[in-house]
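Summary of structural features
The primary structure of each chain is shown beneath.
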Amino acid sequence: MDMPVSVKAVAVFCGSRLGNNPLYKQVAQKAGQVLAQKNIRLVYGGGAQGLMGVVADATLQAGGQVTGVIPHFLHKREVMHEGVAELIVVDSMHVRKQIMFSRADAFWILPGGFGTFDEMMEILTWKQLQQHAKPIIIVNTAGWADQVIAMLDAAVTQGFATASARGKIEIVSDIETALKHSETEPKTQPVSIEQF
Ligand SMILES: Nc1ncnc2c1ncn2[C@@H]1O[C@H](COP(=O)(O)O)[C@@H](O)[C@H]1O
């Protein structure tokens, strides 16, 4: 049986907008509260708006630790979060993703739009290419990710991806399960992401 892996930091990818279902905000709040309660650092995109702002605010309000990583050109558009003690301002989206990757032990995908999809797919394809073995977990609140999951499954049935690659991303329905799965995936030797 695999030994539990100690999770010190989770990167949360989610929308820079709130979306149109109140459950999306609730799951972002829950994520922040649970991370703070478990003394797990939140790593996120550094914005104060949308679900990104909600998860950061909830973590901070519950006494948790937050690292935000934001490109300087986004500081107005996504409203840089002034309450985050560790706010890393970078030059590009690539550097943002690289830092978020290196600071996190697991990735939670919460409701979001195109940017969230991009972040999810990049971290999944890095795992497919065996550049890391960190857990990647979609929290499918109110079915927001049903079509994304269908797309991933279709890639397998159409012969464009292996079932093994598809298995590198998990689907759960709530934050407690996401936490449990973050702690139990076995740790294998990661290759440095610097190779990209
Ligand atoms: N191309 C992108 N690569 C990485 N991150 C991106 C990209 N486009 C947008 N983002 C960021 O993702 C989050 C969430 O965006 P949503 O579109 O609201 O899901 C946001 O911080 C974007 O800057």
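The protein has the name Cytokinin riboside 5'-monophosphate phosphoribohydrolase in an unreviewed UniProt entry, where Acetobacter cibinongensis is given as its organism. On record in UniProt, under Sequence similarities (unreviewed entry), the comment for the protein is "Belongs to the LOG family." Looking at the protein in UniProt, the text filed under Catalytic activity (unreviewed entry) is "AMP + H2O = D-ribose 5-phosphate + adenine".

1. Some details on the overall build of the protein
Helix and strand counts for the protein stand at seven helices and seven strands. Counting helices and strands in the order they occur from the N terminus, the protein gives β-α-β-α-β-β-α-β-α-β-α-α-β-α. The C-alpha atoms of the protein give a radius of gyration of 16 Å, which matches the 16 Å a tight globule of 196 residues would have. Considered along the principal axes of its C-alpha atoms, the protein spans approximately 45 × 35 × 35 Å. Classification of the 196 residues of the protein by burial places 47% in the buried group. Computed over 17 positive and 18 negative side-chain charges, the separation of the two mean positions in the protein equals 2 Å.

2. Regarding empty space enclosed by the protein
One pass over the full model with this rule turns up one cavity of 30 Å³ or more. Reported here for the largest cavity is a volume of approximately 40 Å³. Lining the largest cavity are Phe13, Lys97, Glu119, Glu122, Ile123 and Trp126. With four residues, the top contributor of residues to the lining of the largest cavity is helix H4 (residues 114-128). For the lining of the largest cavity, the per-class residue count stands at three nonpolar, no polar and three charged.

3. Focus on the site of the ligand
In the vicinity of the ligand, 16 residues are found, and the nearest of them are Ser16, Glu78, Gly113, Thr116 and Asp118. Contact between the ligand and Arg96: an oxygen atom at 3.0 Å from a side-chain N or O atom of the residue. Glu119 has a polar side-chain atom sitting 3.4 Å from an oxygen atom of the ligand. Across the complex, the protein chains shield 78% of the 490 Å² of accessible surface that the ligand would expose by itself. Structurally, the ligand is housed in the largest pocket.

4. Describing the pairing of strand E3 (residues 66-71)
Burial runs high along E3: six of the six residues are buried. Of the two faces of E3, the one lined by Val66, Gly68 and Ile70 and the one lined by Thr67, Val69 and Pro71 are each fully buried. Bridge count for strand E2 (residues 41-44) against E3 is three bridges, and the pairing is parallel. Counted as the bridge partner of Tyr44 is Gly68 from E3. Taking the sense of rotation as the criterion, the β-α-β connection linking E2, helix H2 (residues 50-61) and E3 turns out right-handed. Pairing analysis gives five bridges linking E3 to strand E4 (residues 86-90), with the strands arranged parallel. Following the sheet pairing, Thr67 is matched in E4 by Glu86.

Conventions we followed
Numbering of residues begins from 1 in every chain and follows the order in which that chain's sequence is written. It should be noted that, the model being predicted, local features are given only for residues of pLDDT at least 70 and side-chain atom pairs only at 80 or more, the latter also being counted only at that level, while totals for whole chains, interfaces and linings use all residues. Side-chain calculation: all heavy atoms of the structure are included, whereas hydrogens and water are not. UniProt positions are given in the numbering used here, feature names are shortened, and annotations may be inferred rather than shown by experiment. We count a stretch as a helix when DSSP gives it H or I for four or more residues in a row; a strand needs E for two or more, and each element gets its number in order from the N terminus. Radius of gyration here is computed from C-alpha atoms only, and the compact-globule reference equals 2.2 Å multiplied by the residue count raised to the power 0.38. Only protein chains enter the accessibility calculation, which uses a 1.4 Å probe; a residue is then buried when its area is under 20% of its type maximum, exposed when over 50%, and partly exposed in between. Only four residue types enter the charge count, namely Lys and Arg as positive and Asp and Glu as negative; His and the chain termini do not. Charge positions come from single atoms, namely NZ of Lys, CZ of Arg, CG of Asp or CD of Glu. Every definition here rests on a 1 Å grid over the protein atoms only: cavities are sets of points where a 1.4 Å probe fits but cannot get out, pockets are open sets enclosed by protein on both sides within 12 Å along at least five of seven lines, and lining residues have some atom within 4 Å of a point. Grid points are joined across faces, edges and corners, and a volume is the space filled by probe spheres set on the points. Classification convention: Asp, Glu, Lys, Arg as charged; Ala, Val, Leu, Ile, Met, Phe, Trp, Tyr, Cys, Pro as nonpolar; all other residues, Gly among them, as polar. Throughout, the term near means that a residue has one or more heavy atoms lying within 4 Å of the molecule or strand in question. Counted as a polar contact is a pair of N or O atoms within 3.5 Å, where, for protein atoms, one must be capable of donating a hydrogen and the other of accepting one, and residues adjacent in sequence contribute only when both atoms are in side chains. A 1.4 Å probe and the Shrake-Rupley method give the accessible areas. Residues count as covered only by the protein chains that appear here. In this scheme, a molecule is assigned to a cavity or pocket if more than half of its atoms are within 2 Å of the grid points. When DSSP finds two or more bridges between a pair of strands, those strands are recorded as paired. Looking down the strands as they point away from you, a crossover is right-handed if its path from the first strand over the helix to the second goes clockwise.

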